[in-house]
Amino acid sequence: MSPTPSQDGLPVPQRYGAIITIALGIMMAVLDGAIANVALPTIARELNASPAESIWIVNAYQIAIVISLLSLSFIGDMLGYRRVYQVGLGLFIATSLFCALSSSLNMLTVARILQGFGGAALMSVNTALIRIIYPQRFLGRGMAINSLIVAVSSAAGPTVAAAILSIASWKWLFLINIPLGIVALWLALRFLPDNTQKSKQQKFDVPSAVMNALFFGLLISALSGFSQGQDGWLILGEIVALVLVGVVFVRRQLSMPVPLLPVDLLRIPIFSLSLCTSICSFCAQMLAMVSLPFFLQNVLGRDEVATGLLLTPWPLATMVLAPIAGRLIEKFHAGLLGGMGLAMFAAGLFLLALLPTHPTDLDIIWRMMLCGAGFGLFQSPNNHTIISSAPRNRSGGASGMLGTARLVGQSSGAALVALMFNLFNDSGTHASLVLAGSFATVAAVVSMARMTQSRAVSDA
């Protein structure tokens, strides 16, 4: 069943089945971007690969998602979000088996690239589907569920990986996706709606897709190379190529009636402002999440288990606040909620940077909770604004940009942590937290500026 043009959202039984489908798919896609980090030493040892070579197990997945996200969201606007999501689920299941059966690093890297394309299909249209699943007045609740799944899956990745590796081999990090994926695919075939307002004007432009892949591939490669200390001339060459490709790519998009890179949506002030806040917030989150374990273990002497427990209040607070924020968006402007949440987030980050020399566990825990609560209060309303400010037939493009903003922010944050440690050595975590708080403060100001903008556009 699909909603008719006059119908607002799905009826309740189908709505629940559809949102469970989205939650399962996104949980698997996000988790698989995080769990491999913990298993890298084990996988490298078993496949006779060096630690440097094993990094490609992570990079291959990340780069595949980034280079294909906008192209797949564009195809979703053309052919239907349901079709893209279902094909993505099928590919993700098959490639998870391919990953588990890999017997060499090259084989696993190829499998991870293909798995990344499956994950990109899921991420590219998930929020566009939520816009069809939920009535407009309850859209914030659907966005809250999505934000909750992404935030918790990102934060819980290392814990889930450690739990699986404690009782099974690394292959089960991928094999576990097969039963979960089959359930999700069955639910997708039964409950997911189709978008009735497919874009009739859109035509897939292969040169645009190639330039999109080159642009974002070079961006992530340069950021990753910088964080891993690669040769400076190589990174400079990637940046020069990035700028050249970017100029040609953007000029081509400006000449197209329906561009693959949604420059038409970027002309909507509240859309572009919300994207900026999303990039800044995820950059700040990664600056904190990547740097804090070094401080907790190397400076405070906590072990791995204690470190994991001290980081847990962050996602727990996000779990509590995200659903509440999803309901508050029905009454308050997203700019106000986002500004308040980001102010709390920034305060928590600065307070973490000002921890006493010998902090107690409670000193750390309440600051982590403040960060998580602020992040949860901001994220759901912000995602709601990004999706609802785009016309319905461009929901795929908005969904793709939402995922791209998150990945670019996370990649930038991870690279900046490396810079902070290179510049400040033992004070790298403190510098990272101050920089993270600065990003969150800028985002809070930008979010408040959105209050002068309308909350959404018409569905035309």
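The residue count restarts for each chain, going from 1 along the sequence in the order it is written. Side-chain atom pairs in this predicted model are given and counted only at pLDDT of 80 or more, local residue features only at pLDDT of at least 70, and totals for whole chains, interfaces and linings cover all residues. Side-chain metrics rest on all non-hydrogen atoms present in the structure, leaving aside hydrogens and water.

Considering the overall build of the protein
To be explicit about the condition: The way it works is that DSSP assigns letters per residue, a run of H or I at least four long becomes a helix, a run of E at least two long becomes a strand, and they are numbered from the N terminus. Using C-alpha atoms as the atom set, the radius of gyration is obtained and then compared with a globule rule of 2.2 Å times the number of residues to the power 0.38. Note on contacts: a residue pair is in contact if any heavy atoms of the two residues lie within 4.5 Å. Positive charges are assigned to Lys and Arg, negative charges to Asp and Glu, while His and the chain termini are left out of the count. Where a charge lies is defined by one atom per residue type: Lys uses NZ, Arg uses CZ, Asp uses CG and Glu uses CD.
Helices and strands together make up the secondary structure of the protein, namely 18 helices and zero strands. Taken against the 2.2 N^0.38 rule, which gives 23 Å for 460 residues, the C-alpha radius of gyration of the protein at 21 Å falls within 12% of a compact globule. Dimensions along the principal axes, computed over C-alpha positions, put the protein at roughly 60 × 50 × 45 Å. For the protein, the share of sequence-separated contacts (at least 6 apart) that also reach a separation of at least 24 residues comes to 83%. Separation of charge centres in the protein, based on 25 positive and 17 negative side chains, amounts to 14 Å.

Focus: empty space enclosed by the protein
Definition in use: Within this scheme a cavity is a closed region of a 1 Å grid, computed over the protein atoms alone, that accommodates a 1.4 Å probe without allowing it to escape, whereas a pocket is open but has protein on both sides within 12 Å along at least five of seven lines; lining residues each have an atom within 4 Å of a point. Grid points are joined across faces, edges and corners, and a volume is the space filled by probe spheres set on the points. Polarity classes work like this: nonpolar for Ala, Val, Leu, Ile, Met, Phe, Trp, Tyr, Cys and Pro, charged for Asp, Glu, Lys and Arg, and polar for all others, with Gly in that last group.
One pass over the full model with this rule turns up three cavities of 30 Å³ or more. The space that makes up the largest cavity amounts to roughly 160 Å³. Those elements that place two or more of their residues in the lining of the largest cavity are helix 5 (105–133), helix 6 (139–167), helix 16 (361–388) and helix 17 (395–424). The class makeup of the residues in the lining of the largest cavity is five nonpolar, eight polar and one charged.

Things to note about the packing of aromatic side chains
Put simply, the test is: Any pair of Phe, Tyr and Trp rings, taking the six-membered ring for Trp, is counted once the centres come within 6.5 Å. Such a pair is stacked with planes under 30 degrees apart, edge-to-face with planes over 60 apart, and tilted for the rest. Categorising residues by exposure relies on relative accessible area from a 1.4 Å probe, with only protein chains included: less than 20% of the type maximum marks a residue as buried, more than 50% marks it as exposed, and the intermediate range marks it as partly exposed.
Overall, the coordinates contain eight aromatic pairs when judged by the stated rule. Each ring, one from Phe294 and one from Phe421, has its centre 5.3 Å from the other, and the planes form 55 degrees; the classification is tilted. On the criterion of sequence distance, the pair formed by Phe294 in helix 12 (residues 269–299) and Phe421 in helix 17 is long-range, its members being 127 residues apart. Overall, Phe294 belongs to the partly exposed group, its relative accessible area being 40%.

Looking at the pattern of salt bridges
Put simply, the rule is: Salt bridge, as used here, is a side-chain nitrogen of Lys or Arg placed within 4 Å of a carboxyl oxygen of Asp or Glu.
Taken as a whole, this structure holds five salt bridges when the rule is applied. Asp77 serves as the salt-bridge partner of Arg394, at 3.3 Å between the closest nitrogen and oxygen. A residue pair is termed long-range when its members are at least 10 positions apart, and Arg394 in the loop between helix 16 and helix 17 and Asp77 in helix 3 (residues 56–79) qualify at 317 residues. One exposure class covers both Arg394 and Asp77, and it is buried. With its nearest N and O atoms 3.0 Å apart, the salt bridge here joins Asp264 to Arg394. Placement of Asp264 in helix 11 (residues 263–266) and of Arg394 in the loop between helix 16 and helix 17 is noted, with a sequence separation of 130 residues between them. Residue class for Asp264 comes out partly exposed when judged on its relative accessible area of 23%. A network of salt bridges, in which partner residues are shared, links Asp77, Asp264 and Arg394.

Concerning the nonpolar core
Note the cut-off: By convention a nonpolar core is built from buried Ala, Val, Leu, Ile, Met, Phe, Trp, Tyr and Cys residues, the set being connected through side-chain atoms within 4.5 Å.
One finds Ile22, Ile26, Tyr85, Leu129 and Phe271 to be the most contacted residues of the largest nonpolar core, which totals 70 residues. Looking at this core, the element that brings in the most residues is helix 5, giving 10 residues. The contacts of Tyr85, once residues within four sequence positions are left out, are Thr21, Ile22, Gly25, Ile26, Leu122, Val125, Asn126, Leu129 and Leu192.

Structural notes on the side chain of Ser411
Mapped onto the elements, Ser411 comes out in helix 17. A relative accessible area of 11% means that Ser411 is categorised as buried. Residues within four places of Ser411 in sequence aside, it is in contact with Gln62, Ile220 and Leu223.

Structural notes on helix 18 (residues 428–449)
Selection criterion: What a helix is expected to span follows from its residue count: subtract one and scale by 1.5 Å.
Taking 1.5 Å of rise per residue, the 22 residues of helix 18 would be expected to cover 32 Å, and the 32 Å separating its terminal C-alpha atoms lies within 8% of that figure. Burial in helix 18 covers these residues: Gly428, Thr429, Ala431, Ser432, Leu433, Ala436, Gly437, Ala440, Ala443, Ala444 and Ser447. On its buried face, helix 18 sits against helix 12, helix 15 (334–353) and helix 17.

Quick word on the packing of helix 17 against helix 18
Keep this limit in mind: Throughout, an axis means a line fitted to C-alpha atoms (over the contacting stretch in the case of helices), and angles, computed between N-to-C directions, take values from 0 to 180 degrees. Angular relationships are summarised with four words: roughly parallel below 35 degrees, roughly antiparallel beyond 145, roughly perpendicular across 65 to 115, and oblique for the angles in between. Put simply, a crossing is left-handed when the front helix is turned counterclockwise from the back one by less than a right angle, and right-handed when it is turned clockwise.
Here helix 17 crosses helix 18 at 135 degrees, and the two axes come no closer than 8 Å. Judged on the interaxial angle alone, helix 18 and helix 17 are oblique. Note that helix 17 runs across helix 18; the crossing there is right-handed. For the pair formed by helix 17 and helix 18, the contact residues are Leu416, Val417, Met420, Phe421 and Phe424 on the first element and Gly428, Thr429, Ala431, Ser432, Leu435 and Phe439 on the second. Of the residues belonging to the contact of helix 17 with helix 18, the class tally is eight nonpolar, three polar and no charged.

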